[in-house]
Amino acid sequence: MERLAPGKVNLGLSLLGRRKDGYHELHTLFAALSFGDRVVVEPIPEGIAFQGRYGRRNLAYRAAEAYLERAGWPGGVRIVLEKELPEGAGLGGGSSDAAQVLLALKALYPAEVDLMALALSLGADVPFFLQGGVAEARGVGERLEPKALPPLPVVVYGPGLRLPTPLVYREVKPHDFAPELPVEAILKALAQGEEPPYWNSLEGPAFRLHPELKEVKARLKALGLYGVLMSGSGSAFFGFARDLEHAKEVVALLRRTGYARYGTLGGAHGAP
């Protein structure tokens, strides 16, 4: 069984404040991309045979172990993980890989396992990838409400800088907190091909850690993309193109200096 583990971007991310449990309360719009990693999942008699980086520490491996444990080990699984999405870029690759493993195992070994609860135990972004598409998220990202958008042409660029999420969150200051996102206004603007009224509260902390990221954002805007924003805790950025041809031209220019890919938001597959 082969599955696409799509990346995601955050169509705005607002940190509302710090919670008593130490986590930050956030408000965001997740949007799945039409490209990502490739995950192959096959049944075997017993155990977990994993082909991918980090072995047992990989979130995809941990997802398989957790599901099979809760299902009573009805059989084993072979997982082959082919990475396309860069790590430490804010595109959710690891979380998406884990979600696809859960969905595949649910199909291979049906059992009374609460996938959403299991997904949340693995990571805050994992529940979103069980449903994909576009979703408004609250809490730490686990309270989801599906939203709709047409398949918009998008460019994703990663400058090759690995930016660990905990490092960015440790840099958050009180002045980085912001109000809730104007979700309906964002969706309306994007659907009409206009500049969306969103922001990412983590850009400030990321830019303080790596000022050169400001230049990355400026470069994408100079190439004619609109709605340019850092995704999640970075270091990848995304922006919307006039059409797929424009997106293709931009990617051709960016590919020499980092990870560059174009496609659509959760719609039809884009070309590499």
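Along every chain, residues carry numbers that run from 1 in the direction the sequence is written. Per-residue local features are limited, in this predicted model, to residues with pLDDT of at least 70; the limit for side-chain atom pairs, both in listing and counting, is 80 or more; totals at the level of whole chains, interfaces and linings are taken over all residues. Calculated side-chain values reflect all of the structure's heavy atoms, with hydrogen atoms and water omitted.

1. Thoughts on the overall build of the protein
Part 1 of the argument: Under the scheme used here, helices are H or I runs from DSSP no shorter than 4 residues and strands are E runs no shorter than 2 residues, and both carry numbers assigned from the N terminus. Helices and strands together make up the secondary structure of the protein, namely 9 helices and 10 strands.
Part 2 of the argument: For the radius of gyration, the atom set is restricted to C-alpha positions; the globular benchmark scales as 2.2 Å times the number of residues to the power 0.38. Taking 2.2 N^0.38 as the reference for a compact globule, 272 residues should give roughly 19 Å; the C-alpha atoms of the protein span a radius of gyration of 18 Å, in line with that estimate.
Part 3 of the argument: C-alpha extents for the protein along the principal axes are approximately 55 × 45 × 30 Å.
Part 4 of the argument: Every one of the 272 residues in the protein was classed for burial, and the buried ones make up 54%.
Part 5 of the argument: Contact between two residues is taken to exist if any of their heavy atoms lie within 4.5 Å; hydrogens are not considered. Counting contacts in the protein only where the partners sit at least 6 residues apart, residues at least 24 apart contribute 73% of the total.
Part 6 of the argument: To measure how exposed things are, a 1.4 Å probe is used in the Shrake-Rupley method; for residues, cover is taken only from the protein chains shown. Counting every atom, the protein has about 11800 Å² of accessible surface; 53% of that belongs to carbon and sulfur.
Part 7 of the argument: Residues scored as charged are limited to Lys and Arg (positive) and Asp and Glu (negative), so that His and the chain ends carry no count. Note that the charge is assigned to NZ on lysines, CZ on arginines, CG on aspartates and CD on glutamates. Treating the 31 positive side-chain charges of the protein as one cloud and the 30 negative ones as another, the clouds have centres 4 Å apart. Each residue gets one of three labels from its accessible area relative to the maximum for its type: buried under 20%, exposed over 50%, partly exposed in between, using a 1.4 Å probe on protein chains only.

2. Focus: the pattern of salt bridges
Part 1 of the argument: The salt bridge definition used is simple: a Lys or Arg side-chain nitrogen within 4 Å of an Asp or Glu carboxyl oxygen. Inspection of every chain in the model, using the stated rule, returns 18 salt bridges.
Part 2 of the argument: Residues Lys83 and Asp97 are paired through a salt bridge, measuring 3.1 Å at the closest nitrogen-oxygen approach. With Lys83 in the loop between strand E4 (76-82) and helix H2 (93-108) and Asp97 in helix H2, this residue pair connects regions lying 14 residues apart in the sequence.
Part 3 of the argument: Classification of Asp97 as buried rests on a relative accessible area of 2%.
Part 4 of the argument: The salt bridge involving Arg208 is made with Asp176; its shortest N-O contact spans 2.7 Å.

3. Re the packing of aromatic side chains
Part 1 of the argument: In this scheme Phe, Tyr and Trp rings, the latter by its six-membered ring, pair at centre separations within 6.5 Å, and the angle between planes marks the pair as stacked below 30 degrees, edge-to-face above 60, and tilted otherwise. By the definition in use, this model includes 7 aromatic pairs.
Part 2 of the argument: With a centroid separation of 6.4 Å and 70° between ring planes, the pair formed by Tyr198 and Phe238 is classed as edge-to-face. Residue Tyr198 is located in the loop between helix H6 (183-191) and helix H7 (203-209), and its partner Phe238 is located in strand E9 (residues 237-240); the two are separated by 40 residues in the primary sequence.
Part 3 of the argument: Overall, Tyr198 belongs to the buried group, its relative accessible area being 11%.
Part 4 of the argument: Its relative accessible area of 0% is what places Phe238 among the buried residues.

4. Topic: the nonpolar core
Part 1 of the argument: Ranked by size, the top nonpolar core spans 36 residues in total, and within it Tyr67, Val77, Val101, Leu102 and Leu105 carry the most contacts.
Part 2 of the argument: Counting only elements with at least two residues in this core, the list comes to strand E2 (24-44), strand E3 (48-51), helix H1 (59-70), E4, H2, helix H3 (115-122), helix H4 (126-131) and strand E5 (134-138).
Part 3 of the argument: No other element matches H1, which puts 8 residues into this core.
Part 4 of the argument: In this view, Leu102 contacts Ala63, Tyr67, Leu115, Leu118, Ala119, Leu122 and Leu130; residues no more than four positions away in its chain are not counted.
Part 5 of the argument: Put simply, buried Ala, Val, Leu, Ile, Met, Phe, Trp, Tyr and Cys residues joined by side-chain atoms within 4.5 Å make one nonpolar core. Among the nonpolar cores identified, the runner-up in size contains 27 residues, and Ala31, Leu190, Tyr198 and Ala236 belong to it.

5. Here's the deal with the side chain of Thr264
Part 1 of the argument: One can find Thr264 in strand E10 (residues 259-264).
Part 2 of the argument: Given the relative accessible area of 7%, Thr264 is considered buried.
Part 3 of the argument: In this view, Thr264 contacts Ala32, Leu33, Ser34, Pro151, Leu152, Pro153, Val154 and Leu244; residues no more than four positions away in its chain are not counted.

6. Describing the side chain of Ser233
Part 1 of the argument: Within the element layout of this structure, Ser233 appears in the loop between strand E8 (226-230) and E9.
Part 2 of the argument: Judged by relative accessible area, Ser233 falls into the buried class, the value being 6%.
Part 3 of the argument: Among the polar contacts made by the side chain of Ser233, one reaches the side chain of Thr165 at a distance of 2.9 Å.
Part 4 of the argument: Look past the residues within four positions of Ser233 in its chain and what remains in contact with it is Gly90, Leu163, Thr165, Val168 and Leu202. Polar contact is defined as a pair of N or O atoms within 3.5 Å, subject to the rule that within protein one atom must be able to donate a hydrogen and the other to accept it, and that residues adjacent in sequence are counted only when both atoms are side-chain atoms.

7. A closer look at the confidence of the model for the protein
Part 1 of the argument: Chain-level statistics for the protein give a pLDDT mean of 93 and a share of 97% at 70 or above.
Part 2 of the argument: pLDDT under 50 marks residues 267-272. Its contacts with residues more than four places away, or in other chains, come to 14 contacts. In predicted models, pLDDT denotes the confidence assigned by the predictor to each residue on a 0 to 100 scale.

8. What to know about the sheet that holds E9
Note on sheets: strands pair through backbone hydrogen bonds, and any given pair is parallel or antiparallel.
Part 1 of the argument: The criterion for strand pairing is that DSSP finds at least two bridges linking the strands in question. Taken in spatial order, the 4 strands line up as E8-E9-E7-E10 in an open sheet, and their pairing is antiparallel. Each having just a single partner strand, E8 and E10 make up the two edges of the open sheet. Looking at each pair of strands side by side, their axes are set apart by 15° on average, direction ignored.
Part 2 of the argument: Looking at chain direction, E8 and E9 are connected through 3 bridges and run antiparallel. Residue pairing across strands places Tyr226 opposite Phe240, the latter belonging to E9.
Part 3 of the argument: Strand contacts of helix H9 (residues 244-254): strand E7 (153-158) and E10, with the helix running at about 170° to E10, the strand carrying the most contacts. In this analysis, axes come from line fits to C-alpha atoms, helices being fitted only over the stretch in contact, and the angle between any two N-to-C directions falls in the range 0 to 180 degrees.

9. Concerning unusual backbone geometry
Part 1 of the argument: The linkage connecting Gly234 with the following residue, Ser235, adopts the cis geometry, with an omega of 15°.
Part 2 of the argument: Tracing the backbone shows Ser235 in the loop between E8 and E9.
Part 3 of the argument: You will see that Tyr54, though not glycine, has its phi angle at about 75°, which is positive.
Part 4 of the argument: By relative accessible area, which is 34% here, Tyr54 ends up partly exposed.
Part 5 of the argument: A positive phi is found at Trp73, a non-glycine position, where the angle reads about 50°.

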